[in-house]
Amino acid sequence: MTLRLMSVHAHPDDESSKGAATLARYAAEGVEVLVVTCTGGERGDVLNAAVDRPEVRDDLAGIRRQEMAAAAEILGVRQRFLGFVDSGLPADGDPLPEGCFALAPLDEAAGALVSVIREFRPHVVITYDESGGYPHPDHIRTHVVTVEAFDAAGDPRRYPEAGRAWQPLKLYYQAALSRRWFQALHEAMLDRGVPSLIGPVLDEWPDDVPELEVTTRVHCPEHFATRDRAALAHATQMGPDSPFFAHPREIERDVWPTEDYHLARSEVPTTVPEDDLFAGVPESVRSRPS
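Numbering of residues starts from 1 in every chain and runs along the sequence as written. Under the rules for a predicted model, residues below a pLDDT of 70 receive no local features and side-chain atom pairs below 80 are neither given nor counted, while totals for whole chains, interfaces and linings still include all residues. Processing note: side-chain calculations cover all non-hydrogen atoms of the structure and skip hydrogens and water entirely.

Draft legend 1. Structural context of empty space enclosed by the protein. Note on definitions: the grid is 1 Å and covers protein atoms alone; a cavity is a set of points where a 1.4 Å probe fits but cannot get out; a pocket is an open set with protein on both sides within 12 Å along at least five of seven lines; lining residues have an atom within 4 Å of a point. Grid points are joined across faces, edges and corners, and a volume is the space filled by probe spheres set on the points. Under the definition given, this model contains one cavity of 30 Å³ or more. Of the voids in this model, the largest cavity is the one considered here, and its volume is about 220 Å³. Along its surface, the largest cavity is lined by 19 residues, and Ala 176, Leu 177, Trp 181, Arg 227 and Glu 259 are the ones closest to its centre. Looking at which element gives the most residues to the lining of the largest cavity, the answer is strand 7 (residues 258-266), with three residues. Only DSSP runs of H or I with at least four residues qualify as helices, and only runs of E with at least two residues qualify as strands; both kinds are numbered from the N terminus onward.

As C-alpha coordinates, this is what we get:
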(Lines give C-alpha, C1' and ligand atoms only; values in the text may rest on other atoms or scores of the structure.)
Protein backbone atom coordinates (compact mmCIF):
# COMPACT_ATOMS: atom_id res chain seq x y z
CA MET A 1 0.00 0.00 0.00
CA THR A 2 1.25 3.46 -0.83
CA LEU A 3 1.28 5.74 2.20
CA ARG A 4 -0.67 8.95 1.77
CA LEU A 5 -0.11 12.38 3.31
CA MET A 6 -2.45 15.40 3.16
CA SER A 7 -1.37 18.94 4.07
CA VAL A 8 -4.18 21.47 4.47
CA HIS A 9 -3.42 25.17 3.99
CA ALA A 10 -5.27 28.46 3.80
CA HIS A 11 -3.78 30.09 0.67
CA PRO A 12 -1.49 29.36 -2.27
CA ASP A 13 2.14 29.80 -1.10
CA ASP A 14 1.45 28.57 2.47
CA GLU A 15 2.44 25.05 1.44
CA SER A 16 5.83 26.31 0.22
CA SER A 17 6.71 28.32 3.32
CA LYS A 18 5.49 25.83 5.93
CA GLY A 19 6.60 22.22 5.73
CA ALA A 20 7.48 22.17 2.03
CA ALA A 21 10.74 20.25 2.45
CA THR A 22 8.81 17.59 4.36
CA LEU A 23 6.35 17.24 1.48
CA ALA A 24 9.19 17.05 -1.04
CA ARG A 25 11.00 14.42 1.03
CA TYR A 26 8.00 12.14 1.35
CA ALA A 27 7.04 12.59 -2.29
CA ALA A 28 10.60 11.63 -3.31
CA GLU A 29 10.28 8.52 -1.13
CA GLY A 30 7.15 7.40 -2.98
CA VAL A 31 4.47 8.68 -0.58
CA GLU A 32 1.38 10.09 -2.27
CA VAL A 33 1.13 13.72 -1.14
CA LEU A 34 -1.88 15.99 -1.60
CA VAL A 35 -1.92 19.69 -0.73
CA VAL A 36 -5.41 21.04 -0.08
CA THR A 37 -5.68 24.82 -0.43
CA CYS A 38 -8.84 26.17 1.19
CA THR A 39 -8.97 29.49 -0.71
CA GLY A 40 -7.63 30.93 -3.93
CA GLY A 41 -5.74 33.78 -2.27
CA GLU A 42 -7.87 36.27 -4.19
CA ARG A 43 -7.56 39.03 -1.61
CA GLY A 44 -3.84 38.71 -1.07
CA ASP A 45 -1.44 41.52 -1.86
CA VAL A 46 1.26 41.49 -4.52
CA LEU A 47 4.30 41.46 -2.24
CA ASN A 48 7.00 41.28 -4.91
CA ALA A 49 7.60 44.66 -6.53
CA ALA A 50 9.16 42.99 -9.57
CA VAL A 51 5.78 41.61 -10.64
CA ASP A 52 3.51 44.33 -9.25
CA ARG A 53 1.84 45.36 -12.50
CA PRO A 54 -1.79 46.30 -13.30
CA GLU A 55 -2.38 43.16 -15.37
CA VAL A 56 -1.16 41.01 -12.47
CA ARG A 57 -3.48 42.69 -9.99
CA ASP A 58 -6.36 42.42 -12.47
CA ASP A 59 -5.98 38.62 -12.67
CA LEU A 60 -4.51 37.85 -9.27
CA ALA A 61 -6.77 34.85 -8.70
CA GLY A 62 -5.78 33.26 -12.00
CA ILE A 63 -2.09 33.99 -11.55
CA ARG A 64 -2.06 32.54 -8.06
CA ARG A 65 -3.56 29.34 -9.44
CA GLN A 66 -0.77 29.19 -12.02
CA GLU A 67 1.81 29.78 -9.30
CA MET A 68 0.27 27.04 -7.17
CA ALA A 69 0.43 24.57 -10.05
CA ALA A 70 4.09 25.39 -10.65
CA ALA A 71 4.95 24.99 -6.95
CA ALA A 72 3.14 21.65 -6.73
CA GLU A 73 5.08 20.35 -9.72
CA ILE A 74 8.37 21.42 -8.15
CA LEU A 75 7.50 19.69 -4.87
CA GLY A 76 6.29 16.56 -6.68
CA VAL A 77 2.85 16.66 -5.07
CA ARG A 78 -0.78 16.81 -6.11
CA GLN A 79 -2.91 19.82 -5.20
CA ARG A 80 -6.60 20.58 -4.81
CA PHE A 81 -8.42 23.87 -4.21
CA LEU A 82 -11.27 23.47 -1.75
CA GLY A 83 -13.10 26.31 -3.52
CA PHE A 84 -13.63 28.98 -0.87
CA VAL A 85 -12.91 32.70 -1.23
CA ASP A 86 -10.01 34.39 0.56
CA SER A 87 -11.14 36.42 3.58
CA GLY A 88 -8.36 38.98 3.31
CA LEU A 89 -6.87 40.52 6.45
CA PRO A 90 -9.33 43.21 7.62
CA ALA A 91 -8.08 46.00 9.84
CA ASP A 92 -9.01 45.81 13.50
CA GLY A 93 -12.71 46.48 13.88
CA ASP A 94 -13.53 45.99 10.19
CA PRO A 95 -15.96 43.21 9.27
CA LEU A 96 -15.00 40.16 7.25
CA PRO A 97 -16.22 40.31 3.63
CA GLU A 98 -19.48 38.57 2.88
CA GLY A 99 -19.09 35.10 1.37
CA CYS A 100 -15.50 34.59 2.52
CA PHE A 101 -14.00 31.37 3.85
CA ALA A 102 -13.82 32.56 7.46
CA LEU A 103 -17.60 33.10 7.45
CA ALA A 104 -18.52 29.87 5.65
CA PRO A 105 -20.74 27.58 7.75
CA LEU A 106 -18.66 24.90 9.41
CA ASP A 107 -20.68 22.03 8.00
CA GLU A 108 -20.25 23.41 4.48
CA ALA A 109 -16.49 23.91 4.73
CA ALA A 110 -15.79 20.75 6.71
CA GLY A 111 -18.10 18.73 4.46
CA ALA A 112 -16.06 19.80 1.43
CA LEU A 113 -12.85 18.70 3.15
CA VAL A 114 -14.39 15.43 4.35
CA SER A 115 -15.17 14.66 0.69
CA VAL A 116 -11.53 15.14 -0.25
CA ILE A 117 -10.32 13.07 2.72
CA ARG A 118 -12.65 10.21 1.83
CA GLU A 119 -11.57 10.34 -1.79
CA PHE A 120 -7.80 10.60 -1.17
CA ARG A 121 -7.78 8.47 2.03
CA PRO A 122 -4.73 9.96 3.75
CA HIS A 123 -3.06 8.17 6.63
CA VAL A 124 -1.65 11.44 7.96
CA VAL A 125 -3.10 14.98 7.88
CA ILE A 126 -1.17 18.19 8.63
CA THR A 127 -2.67 21.61 9.35
CA TYR A 128 -2.23 24.63 11.66
CA ASP A 129 -2.74 24.78 15.42
CA GLU A 130 -5.48 26.81 17.10
CA SER A 131 -3.63 30.09 16.52
CA GLY A 132 -3.41 29.47 12.79
CA GLY A 133 0.34 30.02 13.04
CA TYR A 134 -0.49 33.71 12.91
CA PRO A 135 -3.85 35.43 13.40
CA HIS A 136 -5.14 35.48 9.84
CA PRO A 137 -8.84 34.56 9.82
CA ASP A 138 -8.34 32.00 7.04
CA HIS A 139 -5.52 30.26 8.93
CA ILE A 140 -7.60 30.03 12.09
CA ARG A 141 -10.59 28.77 10.10
CA THR A 142 -8.39 26.21 8.35
CA HIS A 143 -7.51 24.76 11.76
CA VAL A 144 -11.17 24.56 12.82
CA VAL A 145 -12.31 23.04 9.54
CA THR A 146 -9.50 20.47 9.38
CA VAL A 147 -10.01 19.26 12.95
CA GLU A 148 -13.75 18.89 12.32
CA ALA A 149 -13.09 17.00 9.08
CA PHE A 150 -10.44 14.74 10.66
CA ASP A 151 -12.82 13.79 13.46
CA ALA A 152 -15.81 13.29 11.15
CA ALA A 153 -14.32 11.56 8.11
CA GLY A 154 -14.24 8.12 9.72
CA ASP A 155 -17.86 8.25 10.93
CA PRO A 156 -20.32 7.11 8.23
CA ARG A 157 -23.16 8.85 10.08
CA ARG A 158 -21.53 12.25 9.60
CA TYR A 159 -21.53 13.93 6.20
CA PRO A 160 -23.00 10.79 4.57
CA GLU A 161 -23.18 12.57 1.21
CA ALA A 162 -19.37 13.00 1.26
CA GLY A 163 -18.51 9.43 0.29
CA ARG A 164 -17.40 6.26 2.02
CA ALA A 165 -15.97 6.79 5.51
CA TRP A 166 -12.19 6.92 5.95
CA GLN A 167 -10.38 7.61 9.22
CA PRO A 168 -6.92 9.19 8.94
CA LEU A 169 -4.56 7.80 11.56
CA LYS A 170 -2.65 10.90 12.66
CA LEU A 171 -3.21 14.66 12.76
CA TYR A 172 -0.27 17.07 13.07
CA TYR A 173 0.02 20.81 13.55
CA GLN A 174 2.74 22.82 11.89
CA ALA A 175 5.40 24.01 14.35
CA ALA A 176 7.23 26.11 11.77
CA LEU A 177 8.70 29.59 12.22
CA SER A 178 8.97 29.32 15.99
CA ARG A 179 10.90 31.73 18.18
CA ARG A 180 13.38 28.94 18.91
CA TRP A 181 14.01 28.54 15.18
CA PHE A 182 14.57 32.26 14.63
CA GLN A 183 16.80 32.45 17.73
CA ALA A 184 18.96 29.51 16.63
CA LEU A 185 19.51 30.95 13.16
CA HIS A 186 20.20 34.45 14.52
CA GLU A 187 22.82 33.22 17.00
CA ALA A 188 24.45 30.94 14.41
CA MET A 189 24.75 33.80 11.94
CA LEU A 190 26.31 36.10 14.52
CA ASP A 191 28.72 33.35 15.64
CA ARG A 192 29.88 32.99 12.04
CA GLY A 193 30.21 36.73 11.49
CA VAL A 194 27.27 36.80 9.09
CA PRO A 195 24.99 39.87 9.29
CA SER A 196 21.57 38.90 10.63
CA LEU A 197 18.27 40.62 9.96
CA ILE A 198 16.51 38.43 12.52
CA GLY A 199 17.31 40.58 15.55
CA PRO A 200 14.38 42.99 15.03
CA VAL A 201 12.04 40.02 14.57
CA LEU A 202 13.08 38.65 17.95
CA ASP A 203 12.91 42.09 19.57
CA GLU A 204 9.30 42.49 18.44
CA TRP A 205 8.23 38.94 19.35
CA PRO A 206 5.24 39.13 21.73
CA ASP A 207 5.94 37.80 25.21
CA ASP A 208 2.58 36.06 25.45
CA VAL A 209 2.88 33.85 22.34
CA PRO A 210 2.95 30.20 23.47
CA GLU A 211 5.47 27.87 21.86
CA LEU A 212 3.84 24.79 20.40
CA GLU A 213 5.34 21.58 21.79
CA VAL A 214 7.41 19.85 19.12
CA THR A 215 6.80 16.11 19.12
CA THR A 216 8.11 15.24 15.67
CA ARG A 217 11.17 16.45 13.76
CA VAL A 218 11.43 15.44 10.11
CA HIS A 219 15.02 15.54 8.80
CA CYS A 220 14.90 17.08 5.32
CA PRO A 221 17.87 19.45 4.65
CA GLU A 222 18.48 17.90 1.23
CA HIS A 223 15.05 19.21 0.20
CA PHE A 224 15.49 22.83 1.34
CA ALA A 225 16.52 23.82 -2.19
CA THR A 226 13.31 22.29 -3.57
CA ARG A 227 11.33 24.16 -0.91
CA ASP A 228 12.99 27.42 -1.97
CA ARG A 229 12.26 26.83 -5.67
CA ALA A 230 8.62 26.16 -4.82
CA ALA A 231 8.47 29.34 -2.76
CA LEU A 232 9.90 31.37 -5.65
CA ALA A 233 7.24 29.90 -7.94
CA HIS A 234 4.78 32.05 -5.95
CA ALA A 235 6.28 35.15 -7.54
CA THR A 236 3.46 37.48 -6.49
CA GLN A 237 4.18 36.62 -2.87
CA MET A 238 7.96 36.50 -2.68
CA GLY A 239 11.06 37.27 -4.71
CA PRO A 240 14.73 36.52 -4.09
CA ASP A 241 14.93 39.54 -1.75
CA SER A 242 12.08 38.28 0.43
CA PRO A 243 12.80 37.87 4.16
CA PHE A 244 12.14 34.15 3.60
CA PHE A 245 15.59 33.99 1.96
CA ALA A 246 17.43 36.24 4.41
CA HIS A 247 19.44 33.52 6.16
CA PRO A 248 22.13 31.40 4.49
CA ARG A 249 20.86 27.94 3.72
CA GLU A 250 24.12 26.26 4.72
CA ILE A 251 23.66 27.68 8.22
CA GLU A 252 20.07 26.44 8.34
CA ARG A 253 21.17 22.95 7.25
CA ASP A 254 23.78 22.97 10.00
CA VAL A 255 21.79 24.27 12.96
CA TRP A 256 18.18 23.32 12.13
CA PRO A 257 18.01 20.53 9.52
CA THR A 258 14.43 19.52 10.38
CA GLU A 259 10.87 20.69 9.89
CA ASP A 260 8.88 20.38 13.07
CA TYR A 261 5.39 19.26 14.04
CA HIS A 262 3.08 18.73 16.99
CA LEU A 263 1.15 15.44 17.12
CA ALA A 264 -2.41 16.48 17.93
CA ARG A 265 -4.34 13.23 17.34
CA SER A 266 -3.27 9.63 16.86
CA GLU A 267 -5.39 6.58 16.21
CA VAL A 268 -2.31 4.35 16.48
CA PRO A 269 0.18 3.85 19.32
CA THR A 270 3.33 5.90 18.92
CA THR A 271 6.11 7.20 21.14
CA VAL A 272 7.30 10.79 21.08
CA PRO A 273 9.66 12.25 20.14
CA GLU A 274 9.25 10.99 16.58
CA ASP A 275 11.32 11.49 13.43
CA ASP A 276 8.67 10.26 10.97
CA LEU A 277 5.10 11.42 10.43
CA PHE A 278 4.15 7.79 9.75
CA ALA A 279 5.65 6.49 13.00
CA GLY A 280 3.29 3.95 14.52
CA VAL A 281 1.44 3.18 11.30
CA PRO A 282 1.44 -0.63 11.49
CA GLU A 283 2.74 -2.93 8.83
CA SER A 284 -0.74 -4.42 8.51
CA VAL A 285 -2.00 -1.02 7.31
CA ARG A 286 0.99 -0.50 5.03
CA SER A 287 0.58 -3.89 3.37
CA ARG A 288 -3.17 -4.10 2.85
CA PRO A 289 -4.61 -3.36 -0.62
CA SER A 290 -5.27 0.28 -1.49
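Moving on, there is more to tell.
Draft legend 2. Broad picture of unusual backbone geometry. The omega torsion across Val 272 and Pro 273 is 5°, close enough to zero to call that bond cis. Along the chain, the position of Pro 273 falls in the loop between strand 7 and helix 11 (283-287). One non-glycine residue with positive phi stands out, namely Arg 121, at about 60°. As for its placement among the helices and strands, Arg 121 is situated in the loop between helix 5 (106-120) and strand 4 (124-127). Burial classes: relative accessible area under 20% of the type maximum marks a residue as buried, over 50% as exposed, and values in between as partly exposed (1.4 Å probe, protein chains only). Note on Arg 121: relative accessible area 28%, which makes it partly exposed. If you check the backbone angles, Tyr 159 has positive phi at about 50° while not being a glycine. Relative to the helices and strands, Tyr 159 resides in the loop between helix 6 (137-152) and strand 5 (170-174). Classification of Tyr 159 as buried rests on a relative accessible area of 12%.

Draft legend 3. Just the packing of aromatic side chains, in detail. For this analysis, a ring pair means two rings from Phe, Tyr or Trp (six-membered ring only for Trp) whose centres lie within 6.5 Å, classed as stacked if their planes differ by under 30 degrees, edge-to-face if by over 60, and tilted for the remaining angles. Considering all chains together, one arrives at six aromatic pairs under this definition. Relative to Tyr 261, the ring of Tyr 172 lies with its centre 6.4 Å away and its plane at 75°, an arrangement referred to as edge-to-face. Of this pair, Tyr 172 sits in strand 5 while Tyr 261 is found in strand 7, placing the two residues 89 residues apart along the sequence. The same class applies to Tyr 172 and to Tyr 261, which are both buried. Connected via pairs of aromatic rings, a cluster forms that spans Trp 181, Phe 182 and Trp 205. A ring has a charge above it when a Lys NZ or an Arg CZ is no more than 6 Å from the ring centre and no more than 35 degrees off the ring normal. In this arrangement the basic side chain of Arg 227 is found over the ring face of Phe 224, its NZ or CZ atom lying 4.4 Å from the centre. Between Arg 249 and the ring centre of Phe 244, over which it is positioned, the NZ or CZ distance is 5.4 Å.

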